[in-house]
Amino acid sequence: MEPSNALRKLQEVQFALVELQLYLDVNPGDQRAVHQYNCLSKELMVLKAEYETKCGPLMQYGFSSSPSRWVWTATPWPWEIEY
């Protein structure tokens with residue numbers, strides 16, 4: 001998957017998780033939504049790992065491991081990415 005497509009997919013899954021979290025705050029007993037939240041959480045972890053392996057870390061300050069070389073300054077800034 002191309003880096004811009006992979007980042008877009010990450011954003012879509014993160015958005016869905018935020019929406020489900022808000023929904024579950026009001027409907028905590030909805031087991032279908034809980035299942036969907038858990039499935040998307042797992043998918044997000046896989047997508048993040050794949051993205052970071054190919055493109056470098058998504059976050060700093062210990063939230064993402066560092067690749068073999070320091071790449072923060074070699075990758076585009078968020079405002080430089082065209083969707």
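Here goes a summary of the coordinates provided. (Residues numbered from 1 in each chain as written. Predicted model: local features only at pLDDT ≥ 70, side-chain atom pairs only at ≥ 80, totals over all residues. Heavy atoms only, no water.)

Here's the deal with the overall build of the chain
Item 1. When its secondary structure is counted, the chain shows 2 helices and 0 strands.
Item 2. Across the 83 residues that make up the chain, the buried fraction comes to 19%.
Item 3. Across the chain, the fraction of contacts at a sequence separation of at least 24, relative to all contacts at a separation of at least 6, is 47%.
Item 4. If you sum the accessible surface of the chain, you get close to 6600 Å²; carbon and sulfur atoms cover 57% of it. (Helix = DSSP H or I, 4+ residues; strand = E, 2+ residues; numbered from the N terminus. Buried < 20%, exposed > 50% of the residue type's maximum accessible area, 1.4 Å probe, protein only. Contact = heavy atoms within 4.5 Å. Areas by Shrake-Rupley, 256 points an atom, 1.4 Å probe, with all protein chains shown as cover.)

Digging into helix α1 (residues 3-26)
Item 1. In a regular helix each residue adds 1.5 Å, so 24 residues correspond to 34 Å; α1 covers 35 Å between its end C-alpha atoms and thus fits that length.
Item 2. Within the span of α1, buried status applies to Ala6, Leu7, Leu10, Val13, Leu17, Leu20 and Leu24.
Item 3. Looking at the packing, one finds that the buried side of α1 touches α2 (31-55). (Expected span 1.5 Å × (residues − 1).)

Side note on the layout of surface pockets
Item 1. By volume, the largest pocket is sized at about 530 Å³.
Item 2. Lining the largest pocket we find 20 residues, and of these Leu7, Tyr51, Leu58, Pro76 and Ile81 sit closest to its centre. (1 Å grid on protein atoms, 1.4 Å probe; cavity = no way out; pocket = protein on both sides within 12 Å on 5 of 7 lines; lining within 4 Å. Points joined across faces, edges and corners; volume = space filled by probe spheres on them.)

A look at the packing of α1 against α2
Item 1. Interaxial distance between α1 and α2 falls to 9 Å at its minimum, and their mutual angle equals 155°. The angle between α1 and α2 places the two elements in the roughly antiparallel class. Read as a crossing pair, α1 and α2 show a hand that is left-handed.
Item 2. Per-class residue counts for the contact of α1 with α2 are 18 nonpolar, 4 polar and 3 charged. (Axes fitted to C-alpha atoms, helices over the stretch in contact; angles between N-to-C directions. Parallel < 35°, antiparallel > 145°, perpendicular 65-115°, else oblique. Left-handed = near helix turned anticlockwise from the far one by under 90°. Nonpolar A, V, L, I, M, F, W, Y, C, P; charged D, E, K, R; others polar.)

Describing the nonpolar core
Item 1. Formed by Ala6, Leu7, Leu10, Val13, Leu17, Leu20, Leu24, Ala33, Leu40, Leu44, Leu47 and Tyr51, the largest nonpolar core amounts to 12 residues.
Item 2. Counting residues per element, the ones that place at least two in this core are α1 and α2.
Item 3. In terms of residues, this core owes the most to one element, α1, which gives 7 residues.
Item 4. Those residues in contact with Leu44 that lie beyond four places of it in its chain are Leu10, Val13, Gln14 and Leu17. (Core = buried A, V, L, I, M, F, W, Y, C linked by side-chain atoms within 4.5 Å.)

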